[in-house]
Amino acid sequence: MGLKLENVSKKFVGKQAVDNISFEVDKPGVFGLLGTNGAGKTTTIRMLLGIIKKDTGEITWNGKKVERKSVNFGYLPEERGVYPKTKIYDQLMYFAKLKGMNPKDADAAIKKWAKVLKVEEYIPMPAEKLSKGNQQKIQFMTAIIHDPELVVLDEPFSGLDPVNTEILKNVIIDLVKMGKYIIMSSHQMASIEEFCTDILILNKGKTVLKGNLKEIKEGYRANRLELSTDKNIDEYIKEFNMEIEFSKNNEYSIKIDSEEKAHQLLEKLVTDHIEVDKFEIEKPTLNDIFIEKVGE
Amino acid sequence: MRDLKTVIAFTIKDMAKRKSFIISTLIILALIVIGINIPNIMKAITGDNENAGETNILIVDSTNLFEGTLPSINQMNLGYNVQVANNEVSFEDIKGRIENKDIDQAMIIEQKEDGTYKLRYIVENMTQVAMVPEDLMNTINTLYTNLQISKLGLTPEQIASLSPNFEFTIEQTEEQEVSGNLFVIMMLSIVLFYAIYFCAYQVSSSITTEKTSKIMETLVTSTSPRTIVLGKTIGIGIVGLIQICVIVGVALISAKAFLDPELLNSVLDMSMMTPYLAIMTIVYFILGYFAYALLYALTGSTVSKPEDIQSANTPVAILAVVGFYLSYFTMMNPTSELNQFAAIFPISSPFCMPFRIMMGIASTSEIILSIVVLVITILIIAQVAIKIYSNAILNYGTKMTFKDIVKVYRDKNN
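Quantities reported herein were computed from a predicted structural model and do not represent experimental measurements.

Engineer: Which parts of the structure should I look at to understand the overall build of chain B?
Structural biologist: For chain B, the helix and strand inventory stands at 16 helices and 4 strands. For a compact globule of 414 residues, the expected C-alpha radius of gyration is about 22 Å, and chain B comes in at 31 Å, more than 25% above that figure. On the principal axes, the C-alpha backbone points of chain B span a range of 100 × 55 × 35 Å. Within the span of chain B, comprising 414 residues, buried residues form 31% of the whole.

Put into structure tokens, the structure is as follows:
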């Protein structure tokens, strides 16, 4: 059950935007859709929302073909937009009605989400009087107000301050707890790592990596050593033929070929009575994997 | 259907609540009421006495050429309040009396050396009165002629026979009778054109606003493009129709309340305004509005920036202007084949047919054919506009060219 894309392709004039991609979101949780600019993420999202038609392949939701008429997903587009002159309440009510809600339920949902997202005071105002961050929260409300089973969030945290980011993160966690399916597209790899169980990385319309994020990372060898000492150890690092990625105030981020070599370095430092405050061997981050897969 | 109602209701509410819409409507209404009241305002400024509006004129007849008959002009209701002086009055004296507002104008009757008479008409400023009023000249000529005739000792019958009382009538050889005041027809034609044009233009501007405010993606995932285009078009059309009805209603009520009935009847023959004509005018307004509004929906969806909207709408504006002028100029000769064509051709029929109906020269078959052609045209435009709109609204790049639009339309996958 859930969302399934099989061999989906889309070509625009002279450009293959999406080339034969397949993936499945078969249980509630957050699915990460990654890719560089122009990789085909938005086209994929638009196809699975039924906004544009695919050339080939099949998209199903709970076994039924996805068509514009039959789906009622929630969508926070990357291109943020509100009616500037219209009161927030009126536009939320408008979209809630279009999503099939009756005015009474819509009113209750507006009040509930306005409280959760801390935008109650802005509800009677026209949108143009709100900051960009608050407008974004209003658009987020538009995406989830009708309690959809599947929500697509395209760059949900861009432009938000840390306080509002935290509010939105908590809402996403609550949605997952409520059994919602979420597809999140973002360039903020930390957010993807924080929320996503499964990911798909697109490059020039093609799938370059997909699967369970934990399993993907486990498939990679450790490649970084985080080290903190009481004195400068540049000479030791050179001696072990390692490359410093970053260093500041005797804190080092070092590229490593093997865990064994890192332990040998630690042994040497201890032998020479250098105090080691931090020694962490790390596997590649999603950011590293992303750059490896799509970096030219 | 539920979504369509929601889009219509939102569009109506959104448009009617806009400050710019409310203010512009109030300004138009105020201008209409003020415009109609100009004669009353002028009257109030010049004073509300019995002679208000009359010109005080001093006629200096020092030779008594008219033998005391000049005061009879006051009984002729020509708008002159005549004072007569049978003594010499100098130009300087007259100037002083005009400056003191004692009189407005003067006329000095002088005998020339050859025995003929010269009438000097004296006004304060020749930019206001550039020539001697024709009615005054005719009256004075007639007064003198009658004075001389009366001295011939003719019988009343003989005198009466000297003043012919011919009745002039006009008839036509063509069987089709044309009625109606051409001035009213042309004025209403202009009103209908602007009503259709500006209401339809709002659709384009509304769609571009949704594109530029980036709300389009949320909107198209909430309902179908067909519902958005139709809902928006119907909503704006309803607001436009109500606005026009209010404007026309206020104009008619103000005209009836404030204008002199004689003046009103001479300009606006209300006997022409039958319920049938009113219904047909509304039908053509609705059909004309739909044809142009859907074309504007198409052009509005092809631009992403407000500054591009003008150039994108130019082809539709040209089409509307051509349609209007085709209708307007052929109305000079309403029985011509070109006017018949303009009443059926869909770009001009909304501006032309209501006035052929008003003039009583449109046959039922002609009206049915005109409506059928217009409806078919609207259906074709709607089909094309909705298809282009569905795909162009998510295009945030540069303005689409005609080639791009054709490509989008032909693409079977869209």
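Text resumes after the structure shown.
Engineer: Please explain the packing of helix α11 (residues 275-301) of chain B against helix α14 (residues 349-359) of chain B as it appears in this structure.
Structural biologist: In helix packing, the relevant descriptors are the interaxial angle and the interaxial distance, both defined with respect to the helix axes. Residue and element names in this part refer to chain B. Between α11 and α14, the least distance of the axes is 9 Å, while the angle of their chain directions is 170°. Classified by the angle between their axes, α11 and α14 sit roughly antiparallel to one another. Contacts from Leu277, Met280, Thr281, Tyr284, Phe285, Leu287 and Gly288 of α11 reach α14 at Pro350, Met353, Pro354, Ile357 and Met358.

Engineer: Sorry, what's going on with the interface of chain A and chain B here?
Structural biologist: Interfaces are often sized by the amount of accessible area the parts lose when they come together. Between chain A and chain B, the residue contacts involve 23 residues of the former and 20 residues of the latter. The biggest single contributor to the side of chain A that touches chain B is helix α2 (residues 88-98) of chain A, with 4 residues. Looking at the side of chain A that touches chain B residue by residue, the classes come out as 11 nonpolar, 4 polar and 8 charged.

Engineer: Hey, could you run me through the environment of Thr212 of chain B in this one?
Structural biologist: Residue and element names in this part refer to chain B. Residue position: Thr212 is located in helix α7 (residues 182-212). Between the alpha carbons of Thr212 and Tyr289 there is a distance of 24 Å; along the sequence they are 77 residues apart. Other than its neighbours up to four places away in sequence, Thr212 contacts Ser304, Lys305 and Pro306.

Engineer: Whenever I open this one, the domain arrangement of chain B confuses me. Can you help?
Structural biologist: Its domain assignment divides chain B into domain 1 (2-36 + 180-410) and domain 2 (51-159). Placing a centre on the C-alpha atoms of domain 1 of chain B and another on those of domain 2 of chain B gives a separation of 56 Å.

Engineer: What should I look at first to understand the sheet that holds strand β13 (residues 251-255) of chain A in this one?
Structural biologist: Strands in a sheet are paired, the pairing made by backbone hydrogen bonds, and the direction either parallel or antiparallel. Residues and elements named next belong to chain A. An order of β12-β13-β11-β14 is seen for the 4 strands of this open sheet, with the pairing classed as antiparallel. If you trace the sheet from one side to the other, it starts and ends with β12 (243-248) and β14 (276-282), each paired once. Sheet twist, expressed as the mean angle between neighbouring strand axes with direction ignored, is 15°. Bridging between strand β11 (residues 224-229) and β13 involves 5 bridges; their strand directions are antiparallel. Across the sheet, Leu225 pairs through a bridge with Ile254, a residue of β13. Helix α9 (residues 259-271) rests against β11 and β14 of the sheet, and its axis sits at about 170° to β14.

Engineer: So what exactly am I meant to see when it comes to the domain arrangement of chain A here?
Structural biologist: Residue and element names in this part refer to chain A. In terms of domain boundaries, chain A breaks down into domain 1 (3-218) and domain 2 (224-294). For domain 1 and domain 2, the distance between their C-alpha centres works out to 39 Å. Facing 12 residues of domain 1, the contacting portion of domain 2 comprises 8 residues. Elements that contribute at least two residues to the side of domain 1 that touches domain 2 include exactly β3 (29-35), α6 (189-195), β9 (196-203), β10 (206-212) and α7 (213-218). In terms of residue count, the dominant contributor to the side of domain 1 that touches domain 2 is α6 (3 residues). Residues belonging to the side of domain 1 that touches domain 2 are distributed by class as follows: 7 nonpolar, 3 polar and 2 charged.

Engineer: Even after reading the chapter, I still don't get α9 of chain A, so can you show me in this structure?
Structural biologist: Between its terminal C-alpha atoms α9 of chain A stretches 19 Å, which fits the 18 Å expected from 13 residues at 1.5 Å a residue. Taken from the residues just after α9 of chain A, His273 of chain A is the one with a positive phi, measuring 60°.

Engineer: Is there a simple way to explain the sheet that holds strand β3 (residues 105-111) of chain B in this structure?
Structural biologist: Residue and element names in this part refer to chain B. If you trace the 4 strands from one edge of the open sheet to the other, you get β2-β1-β3-β4, paired in mixed fashion. The open sheet terminates on both sides in strands that have one partner only, identified here as β2 (80-85) and β4 (117-122). Across the sheet, the mean angle separating the axes of adjacent strands is 20° when strand polarity is ignored. Where β3 and β4 come together, 6 bridges link them in antiparallel fashion. Paired with Ile108 across the two strands is Arg120, which belongs to β4.

About the criteria used
Residues numbered from 1 in each chain as written. Chains lettered and ligands numbered in written order. Predicted model: local features only at pLDDT ≥ 70, side-chain atom pairs only at ≥ 80, totals over all residues. Helix = DSSP H or I, 4+ residues; strand = E, 2+ residues; numbered from the N terminus. Rg over C-alpha atoms; globule rule 2.2 N^0.38 Å. Buried ≥ 20, exposed ≤ 12 C-beta atoms within 10 Å, placed from the backbone. Axes fitted to C-alpha atoms, helices over the stretch in contact; angles between N-to-C directions. Parallel < 35°, antiparallel > 145°, perpendicular 65-115°, else oblique. Contact = placed C-beta atoms within 7 Å. Nonpolar A, V, L, I, M, F, W, Y, C, P; charged D, E, K, R; others polar. Domains from an automatic or database assignment. Pairing = 2+ DSSP bridges. Expected span 1.5 Å × (residues − 1).

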